[in-house]
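# Structural overview
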2 protein chains.
Amino acid sequence: METIAPGVWRLRLGEPEEYTPVSMKQVEIDEDRIARLPDPGMAPFARGEVGFKVTPRGCVVELPLHPAERIYGFGLQLKSVDHTGRRRQLRVNSDPITDTGDSHAPVPFYISTAGYGIFVDTARYAIFNCGTHSRVPPSSAGDALTGEPAGAPVGGLPAGRGSFKSMIVEIPVARGVDIYIFGGPGMREAVQRYVLFSGGGCLPPYWGLGVWYRAYGKANSDDIARLAREIRESGIPCDVFGLEPGWQSHAYSCSFVWDKERFPAPDQLVQDLTRMGFKINLWEHVFTHPSSPIYDQLKQYAGEYEVWGGLVPDLSLDGAREVFGGYHKKEFVDKGVKGFKLDECDSSDFNRDSWSFPTCSEFPSGLDGEQMHSLLGILYQETIMSVFRKNNIRTYSQVRSSHALAACLPFVLYSDLYDHRDFIRGVVNMGFSGLLWAPEVRQCDSAEDLIRRIQTVVFSPQALVNAWLIPHPPWMQYDTEVQEICRRFFELRMSLLPYLYSSFARYHFEGVPPFRALVMDYPGDGNVYGIDDEYMMGDSILVAPMVAGQDVRQVYLPQGNWYSFWTGEKFQGGKTHRICSSLDTMPVFVREGALLPIARPVRYITPDTRFEVTVRAHGQDCRDTLLFEDDGFTFRFENGEYNIVRLGLSSDGRLQVERSGYYRDARYIITGLDRVM
Amino acid sequence: METIAPGVWRLRLGEPEEYTPVSMKQVEIDEDRIARLPDPGMAPFARGEVGFKVTPRGCVVELPLHPAERIYGFGLQLKSVDHTGRRRQLRVNSDPITDTGDSHAPVPFYISTAGYGIFVDTARYAIFNCGTHSRVPPSSAGDALTGEPAGAPVGGLPAGRGSFKSMIVEIPVARGVDIYIFGGPGMREAVQRYVLFSGGGCLPPYWGLGVWYRAYGKANSDDIARLAREIRESGIPCDVFGLEPGWQSHAYSCSFVWDKERFPAPDQLVQDLTRMGFKINLWEHVFTHPSSPIYDQLKQYAGEYEVWGGLVPDLSLDGAREVFGGYHKKEFVDKGVKGFKLDECDSSDFNRDSWSFPTCSEFPSGLDGEQMHSLLGILYQETIMSVFRKNNIRTYSQVRSSHALAACLPFVLYSDLYDHRDFIRGVVNMGFSGLLWAPEVRQCDSAEDLIRRIQTVVFSPQALVNAWLIPHPPWMQYDTEVQEICRRFFELRMSLLPYLYSSFARYHFEGVPPFRALVMDYPGDGNVYGIDDEYMMGDSILVAPMVAGQDVRQVYLPQGNWYSFWTGEKFQGGKTHRICSSLDTMPVFVREGALLPIARPVRYITPDTRFEVTVRAHGQDCRDTLLFEDDGFTFRFENGEYNIVRLGLSSDGRLQVERSGYYRDARYIITGLDRVM
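So, here is what we can say about the structure in this document. (Residues numbered from 1 in each chain as written. Chains lettered and ligands numbered in written order. Predicted model: local features only at pLDDT ≥ 70, side-chain atom pairs only at ≥ 80, totals over all residues. Heavy atoms only, no water.)

### Overview of the relation of the copies chain A and chain B
Mapping chain A onto chain B leaves a residual RMSD of 0.0 Å; the transformation is a rotation of 180 degrees accompanied by 0.0 Å of translation along its axis. The transformation relating the two chain copies, once decomposed into turn and shift, fits a two-fold axis. No C-alpha of chain A approaches the rotation axis more nearly than that of V173(A), which lies at 3.7 Å. Here 100% of the interface residues in chain A have copies in chain B that are interface residues too; the copies meet face to matching face. (Least-squares fit on C-alpha atoms with pLDDT ≥ 70 in both. Contact = heavy atoms within 4.5 Å.)

### Re the sheet that holds strand 3 (residues 51-55) of chain A
Residue and element names in this part refer to chain A. With respect to topology, five strands assemble into an open sheet ordered 3-4-10-9-6, the strand pairing being antiparallel. Edge positions in the sheet fall to strand 3 and strand 6 (87-89), since each has one partner strand and no second. This sheet shows a mean twist of 20 degrees between the axes of neighbouring strands, independent of strand direction. As judged from the six bridges shared by strand 4 (residues 58-63) and strand 10 (residues 165-172), these two strands associate in the antiparallel manner. What sits directly across from G58, in strand 10, is P172. (Pairing = 2+ DSSP bridges. Helix = DSSP H or I, 4+ residues; strand = E, 2+ residues; numbered from the N terminus. Axes fitted to C-alpha atoms, helices over the stretch in contact; angles between N-to-C directions.)

### Considerations on the interface of chain A and chain B
In this assembly, 61 residues from chain A lie in contact with 61 residues from chain B. Carbon and sulfur atoms supply 46% of the area buried between chain A and chain B, which totals about 4,900 Å² over both sides. Area buried by chain A at its contact with chain B is led by R57(A), R87(A) and E306(A), which between them contribute 14% of it. Counting across the interface, chain A meets chain B through eight salt bridges. Its salt-bridge partner being K53(B), residue E304(A) comes within 3.4 Å of it at the nearest N-O pair. Summed over the shared surface of chain A and chain B, the number is 34 residue pairs in polar contact (both at pLDDT 80 or more). Of all the secondary-structure elements, those providing two or more residues to the side of chain A that touches chain B are strand 4, strand 6, strand 9 (127-134), strand 10 and helix 5 (295-299) of chain A. Residues belonging to the side of chain A that touches chain B are distributed by class as follows: 20 nonpolar, 20 polar and 21 charged. (Buried area = accessible area lost by both parts, 1.4 Å probe. Salt bridge = Lys/Arg side-chain N within 4 Å of Asp/Glu carboxyl O. Polar contact = N/O pair within 3.5 Å; in protein donor to acceptor, adjacent residues only side chain to side chain. Nonpolar A, V, L, I, M, F, W, Y, C, P; charged D, E, K, R; others polar.)

### Side note on the environment of M546(A)
All names here are of chain A. Looking at the element boundaries, M546 is found in the loop between strand 21 (541-543) and strand 22 (552-557). A residue is classified by how much of its surface remains accessible, and M546, at 0% relative accessible area, is buried. It is 9.0 Å that separates the C-alpha atoms of M546 and H420, two residues lying 126 residues apart in sequence. Setting aside anything within four residues of it in sequence, one finds M546 in contact with H420, R452, D551, V552, R553, S581 and P587. (Buried < 20%, exposed > 50% of the residue type's maximum accessible area, 1.4 Å probe, protein only.)

### Examining the pattern of salt bridges
Residues and elements named next belong to chain B. The tally for this structure, following the rule as stated, stands at 110 salt bridges over all chains. For D624, the salt bridge is made with R646, and the minimal N-O distance between the two is 3.2 Å. Placement of the pair is D624 in the loop between strand 28 (611-618) and strand 29 (625-629) and R646 in strand 30 (residues 643-649), with a sequence separation of 22 residues. For D624, a relative accessible area of 42% translates into the label partly exposed.

### Concerning the packing of aromatic side chains
Under the counting rule described, the total for this entry stands at 92 aromatic pairs over all chains. Taken together, a centroid distance of 5.4 Å and an interplanar angle of 85 degrees make the contact between W247(B) and F332(B) edge-to-face. Of this pair, W247(B) sits in the loop between strand 13 (240-243) and helix 4 (266-275) while F332(B) is found in helix 6 (residues 318-333), placing the two residues 85 residues apart along the sequence. Ring geometry for F565(B) and W566(B): centres 5.2 Å apart, planes at 85 degrees, overall edge-to-face. By way of ring pairs, the aromatic residues Y206(A), Y501(A), F509(A), F611(A), F628(A), F637(A), Y642(A) and Y668(A) are connected into one cluster. Its end group placed over the ring of Y414(A), K341(A) keeps NZ or CZ at 4.9 Å from the ring centre. (Phe/Tyr/Trp six-rings, centres within 6.5 Å; stacked < 30°, edge-to-face > 60°. Lys NZ or Arg CZ within 6 Å of the ring centre and 35° of its normal.)

### What about the pairing of strand 30 of chain B?
Residue and element names in this part refer to chain B. Burial of strand 30 is extensive: five of the seven residues sit out of reach of the surface. Relative to strand 30, strand 29 runs antiparallel, the two sharing five bridges. Directly across from E629, in strand 30, lies its bridge partner N643. Pairing between strand 30 and strand 31 (residues 655-661): seven bridges, direction antiparallel.

### Quick look at the side chain of S460(A)
Residues and elements named next belong to chain A. Residue position: S460 is located in the loop between helix 9 (447-458) and strand 18 (463-466). The buried category is assigned to S460, whose relative accessible area is 0%. Residues contacting S460, with those up to four places away along its chain left out, are P439, R493 and F515.

### Structural notes on the nonpolar core
Of all hydrophobic cores here, the largest spans 196 residues; its most connected members are Y213(A), F241(A) and F459(A). Take this core: its biggest share by element is ten residues, from helix 7 (residues 369-390) of chain A. Discounting chain neighbours no more than four positions away, the residues touching F459(A) are V427(A), L492(A), R493(A), L496(A), F515(A), Y535(A), M537(A), I541(A), V543(A), M586(A) and V588(A). Judged by nonpolar contacts, the second largest core, of 194 residues, contains I231(B), F332(B), I579(B) and C622(B). (Core = buried A, V, L, I, M, F, W, Y, C linked by side-chain atoms within 4.5 Å.)

### A look at helix 8 (residues 420-430) of chain B
Residues and elements named next belong to chain B. Counting buried positions along helix 8 yields ten of eleven residues, so the element is predominantly enclosed. Residues of helix 8 that are buried: H420, D422, F423, I424, R425, G426, V427, V428, N429 and M430. Looking at the buried positions of helix 8, the neighbouring elements they touch are strand 5 (71-75), helix 9 (447-458), strand 19 (515-517) and strand 20 (535-537). Where helix 8 begins, the capping side chain belongs to D419, and its oxygen is found 3.1 Å from the backbone nitrogen of R421.

Function cannot be inferred from these measures alone, as they are strictly geometric.
Okay, here's the thing in C-alpha cells:
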C-alpha cells in the first residue's frame with residue numbers, strides 16, 4: 001500500500017485502465033491541506049485483507065466489512081442514504097427513478113461509519129455489493145478471493161454463519177484498478193481527505209449563493225427584459241438570471257448561436273441585465289448541431305454517433321477543449337456571461353426516448369461510451385471552468401451530470417425529477433461525495449408546495465427557481481400573503497450569505513462539505529444513521545425541511561442543546577421532537593455555542609457589496625466563528641488575497657471581532673450582538 | 001452464413017463463448033417441422049451488411065434496420081410492446097418496474113414487421129439499441145463497423161441524415177457471438193421457426209389448462225383439507241391446488257422437507273387431494289438450506305456465495321441435476337405431486353434487499369454469476385422437467401424466470417408485480433419469445449378489480465388464483481352475485497379447454513404461440529403496431545380485457561368481420577369500436593369463419609374426462625377446425641398416440657366430424673352446432 005498523502009493510501013490491484021477519474025484529473029491533490037487534518041492512525045485494513053481477482057467480466061475487489069459498519073456515499077443518490085446491505089451499480093442516468101445506484105452523478109466512493117472512505121478509481125459502471133452476500137461456509141467448493149479457505153473471515157472480522165458479508169466491488173472490463181483509502185479518524189475527516197484529494201471544495205463567487213431565476217423557455221429578448229424589470233420592481237432578491245434553450249438558433253442539438261429573431265441584440269441584453277445586477281447564465285448542452293460555427297472544427301474530435309443530430313465532442317482532447325472553450329470565451333464569457341447550465345450530459349436508460357450515445361461508442365481519445373458517459377459531465381465542467389479561469393472570474397454554474405473528484409468544480413447538479421422528499425435526500429447525500437445539488441423549485445401544485453420547496457432550496461447550495469415552463473415567477477400565481485412569505489425566505493437566504501460563503505471557504509480550504517448528513521458530524525450516534533430528511537448547513541445549522549401535506553414532523557436533534565432559528569426556543573438534543581410549523585417557518589435549529597452571523601439582506605451582490613451583520617450568540621460558552629472575506633469574484637483568494645474575520649465573545653460577553661489577512665477591504669460590518677439563551 | 005434448417009441461418013461472428021443458450025440446450029431442433037413451414041425466401045440480409053467488432057467491453061453487432069420496421073420481442077416485457085427507437089438491456093430482474101428491458105424472462109430474440117427474427121445466442125446482459133442512434137455523416141472521424149465509410153447506409157437502406165439508425169447489439173464480455181436469423185415470410189412464421197428451433201411449444205397436460213388455486217401460505221394440513229373441500233362444495237371448477245412456502249420445514253432457503261408439525265402426514269394429504277381430483281403443486285426455490293437432506297451432496301456443485309443462507313446448486317452439471325432431480329422424483333413426483341412453483345430464480349436489482357448471488361459469482365461449471373442469472377430459470381425448469389419425463393407424466397408448472405429457447409418447457413411465468421395493465425401487456429408480449437405468462441389474480445381492491453382480473457386470467461395460459469396471502473378464496477369476500485360471476489368465468493375457462501388445448505397442440509407441432517399480439521397475425525396493418533391491450537387466443541378469438549375503473553374501452557378489430565363472443569353481434573373489422581361492458585362480460589370477439597368448440601364445463605379433468613362439445617359456426621364459409629385429442633397426461637402423443645378431429649361444415653351447412661390418428665379413445669363428443677351470423 002502506497003502512501004499518497006497523510007492518511008491517503010493507494011492500493012494498485014492488477015493492471016488499471018488508462019482512463020480513470022484520477023488519470024484524467026486536471027487538478028492537483030492538495031497535499032499540504034491534507035497534512036493539516038488530524039492524524040488518521042493506521043490504514044483501516046492491510047493489503048492482505050483485500051481480495052482481488054480478474055474475471056472474464058472484469059475484476060473483483062473484496063474489502064472487509066464489519067457487521068456494525070454502515071455505508072454511505074456513491075454520489076448523488078436520491079432514493080437511499082444508508083446503502084448497507086444493498087447492491088449499487090453506478091450507472092450515469094438522467095432519470096434515476098429506482099434505488100439501484102443509477103444517478104446523475106454516481107461516484108465510486110463510499111464512507112464507512114468506521115471512519116474511512118474508499119475510492120475505486122474507475123469510470124466503469126462498477127457494482128458495489130455492500131454487505132449483501134455471504135460465502136458458503138468452509139468445506140465447500142467455493143474459492144476465496146483472498147486465497148484463504150472459503151468462508152473464512154477476512155481481516156479478523158468475526159467469523160460464523162452469515163456474519164461474513166464483505167464489500168464486493170465488481171469493475172466491468174478492467175483488468176485491474178487503483179483503490180484509494182482515505183483515513184479518518186472519523187467519517188468527516190475521511191470525506192475531508194477525499195475532497196482535498198479532489199483539489200479542495202469549490203468556492204463560488206459571492207453572487208452564486210444569492211437567488212437564481214431561470215426564465216420561461218419561450219421568452220424573447222423583450223420578455224426577458226420585462227421579466228428582469230418585474231423582478232427588480234418586486235424587490236425580491238435575485239442575483240442570477242438564466243436563459244433556457246430558446247436563446248439558441250437551434251437547441252437540440254445546440255448551435256451555440258443566439259436566435260436572431262428572438263434575440264436581435266444579445267450583447268446589449270447581456271449588458272443591460274448586467275447593469276441591473278443580474279449575472280447571466282445560459283442553458284446549453286454539449287451536442288453540437290451542424291449549423292454551429294464550431295461544428296466543422298469539432299468533427300475530427302467527435303464520437304462516431306450523433307445525439308439529436310449533433311456531434312459528441314471528445315472533451316478529453318486538448319483540441320476539442322480549445323475549440324469548444326475558445327468559442328465560449330470569445331462569444332459569451334468575454335461578453336459578460338457569468339455561467340452556464342450544462343444540460344443533458346448524463347444519458348438515459350429510463351426515459352422512453354433512449355437518447356445519448358451508446359455505451360459501445362468509440363471516441364478519438366480511446367475512451368469508450370461507458371467511460372465517456374461517466375466522465376462527460378466532468379470533462380464538460382472542466383472545459384467551461386478553464387474559460388473562466390483564463391478570464392480570472394469565478395463562475396457558479398449548473399450541470400446535470402458529474403462523477404468522482406468533482407468537489408473543486410463550482411457546478412451544482414439538478415434533475416428533471418421532482419419528488420420533494422427525493423430532493424431533500426439529495427441535499428443529505430451530496431456531501432458524502434463532494435458534490436453540490438440544487439433541489440430546484442419549478443411549478444408547484446399549491447401555494448403550500450411552492451413555499452415548502454422554496455424553504456428547502458433556500459437552505460441548499462443554490463437557491464434556484466427554474467420557471468422555464470411558465471412565463472411568470474411561480475409565486476405570482478398566488479396572493480400577496482404567499483408572495484410575502486416567498487420574499488421573506490429569499491431575503492433570509494441573503495441574510496445567511498456570510499455564513500454560507502464562509503462555510504464554502506471551509507469546504508475549499510479544509511474539505512468540509514457545507515451541506516452534509518448528520519452522520520458525518522455525529523458518526524457515533526446510531527439514531528442518525530438512517531436519517532434522510534435532516535442535514536447540517538455549515539457547522540451550526542440543522543435543517544429539517546417539510547413537504548406539502550405536513551404541518552408537523554419528527555426532528556431528531558443530536559446530543560447537546562439546540563435553539564429554534566425562529567423563536568430561540570431551546571431544545572434538548574439526543575432525542576426526537578415533534579415540531580409543528582406553519583408555512584412562514586420551518587424546522588431549523590442552531591447548535592448551542594454558535595455565533596451565527598445574520599446579514600441585512602441585499603437584493604443582489606456587486607463587487608462593492610458590504611454586509612451589515614448582526615451576530616446571534618446561542619447559549620453560554622460560544623465558540624469562535626470564522627468569516628471568510630475576499631473580492632468574491634476572482635481567483636485572487638488563491639494567492640492569499642483574503643481575510644479571516646474571527647468573531648468571539650469576551651469573558652464579559654462582549655463581541656470581539658478580529659480581522660487578519662491580505663484582502664485590503666472589508667466585506668462585513670459587524671453591527672451588533674443578539675443573545676439567544 | 002450457415003443454413004441450420006430451412007429458413008434458419010447462423011452467422012458466427014468472432015469467437016462465441018462456451019456457455020450460451022444454444023450450447024446449454026437440452027432439446028433438439030425440430031428440423032422436420034421447420035421444413036414444413038412456408039418458403040422463407042432469401043435471408044433478410046447478407047453477411048456483408050452485418051457489422052461486427054470486438055471491444056474491451058465485449059463485442060458489438062450492427063444489423064440493418066429499415067426506417068419502416070417495427071421491433072418486438074425481448075421476452076416477457078411488461079412495460080412496452082413496440083421496442084422500436086428504444087434501448088433494451090436484457091437483465092434478469094425480479095421486479096422489472098422500469099421500461100428498460102429488465103425482465104423476469106429477458107430473451108435476446110426480436111422480430112421485425114419486415115418478417116424475420118434475430119436471436120443473439122448469449123447469456124450476457126446484452127444491450128439492444130433498436131434504431132436509437134445515427135452515425136455522424138461521412139467526412140467525420142467515425143469508423144463504420146462494416147468497413148464502409150462512416151454514416152453510409154448498410155444494405156441498400158435509404159441514406160441521408162438521421163435516417164440510418166441500425167440495430168446495434170452490444171454483448172458484454174464475449175469476444176464473439178452466434179446470430180441466428182429466422183426467416184418468414186411473415187412475422188408469425190419467423191416466430192414459428194424460433195419456437196420449433198427451441199424444440200416446439202410445450203403441450204400441457206389437459207388439467208394444466210383448468211383452474212388453479214394457490215392456498216394461504218400459513219395453512220396447515222387441516223386448513224388445506226378444509227379449503228379443498230370448500231372449493232369442491234362451492235362447485236367452482238378447480239384442477240390444481242398449490243401449496244405455498246409454509247409446507248416446508250425451512251423455506252428461505254429451502255429444506256425441501258415437509259414441516260412435520262403443520263403437515264404430519266403429507267403423503268396422505270397428497271393422496272386425499274388427488275382423490276378429490278386436485279393436482280398438487282408445491283412451491284419452492286432452488287436455494288438449498290443446510291437442513292436439507294441434499295445439502296451435503298449439493299455442496300460440491302454449488303456457487304461460492306449463499307442466498308438466504310442456502311446453496312446455489314449449479315444445475316448445469318449432471319451431478320447437481322441428479323441429486324436435485326433424483327430427490328424431487330423420489331420425495332414428490334413418485335408420491336403424486338404433479339408440479340412445482342419455481343420461485344426466486346430471477347434476482348433483484350430493484351428490490352431493497354438485493355438478494356441472490358452477485359454477478360461476479362463463480363460456479364463449478366465455469367459459468368459466472370451473470371450467465372447463471374440468465375440461465376438459472378432454464379436450468380431449473382429442465383431439471384424438474386427431466387423428473388416428469390422419467391415418470392412419463394406431463395407437468396404444467398410455474399417459474400419466475402426464464403430465458404431463450406424456453407418454448408418447449410411447460411412452465412408459466414408470474415410476477416410479484418400487480419399492475420393489471422402491465423399483466424395484460426405480458427399476455428400480448430409473451431408469444432413473441434415463445435414464453436407463457438400468467439396474469440395471476442391475488443387479493444383485489446374491489447369486486448370490480450377481482451372480476452376484471454379473473455376475466456384476464458381466464459383468457460390466459462394459466463387460470464391462476466394465488467391466494468397465498470389470504471385464508472379464503474378472494475371471491476368469498478364478496479356477495480353471491482359476485483361469486484356467481486366469478487364461477488361463470490371459471491366455467492367459461494373449462495368450456496374453452498378443447499379450443500385451448502388444440503391451440504397448444506398447434507404451438508407444439510407448428511410453433512404458433514397460443515397467445516399472441518395482433519401484429520403477429522396482421523403484420524401489414526399499421527393500426528395494430530402499438531396495441532398493447534388486445535391479443536389473440538388461438539386462431540379465432542380476440543381478447544380485449546378491461547381493468548377496474550373502465551366500463552367502456554376502445555377495441556380495434558383487424559380486417560374482416562368479427563362476432564361478439566357473448567351476443568353474436570357482428571362487428572366490422574379494420575376499425576376501432578367503442579365497447580361497453582358490464583362486469584358479467586368483457587370484450588371478446590370471434591373471427592368470421594371460425595368453428596369454435598364450446599365444451600360443457602367440467603369441474604376438473606380426470607384421465608376419463610370426455611367433453612360434450614357444441615360447435616359455434618361464425619358467419620358463412622367457415623374454415624375447417626382441428627381439435628387435438630390424446631390421453632392428456634403422458635408423453636405418448638410424442639410417439640403418435642393422438643387424434644386429429646377435423647370439424648367442418650358441409651355445403652348444406654351440416655357439421656362434419658372426421659377423426660384420424662392413433663389414439664384409441666375419444667375425448668370429444670360433438671353434440672351440436674350453433675350458427676352465429
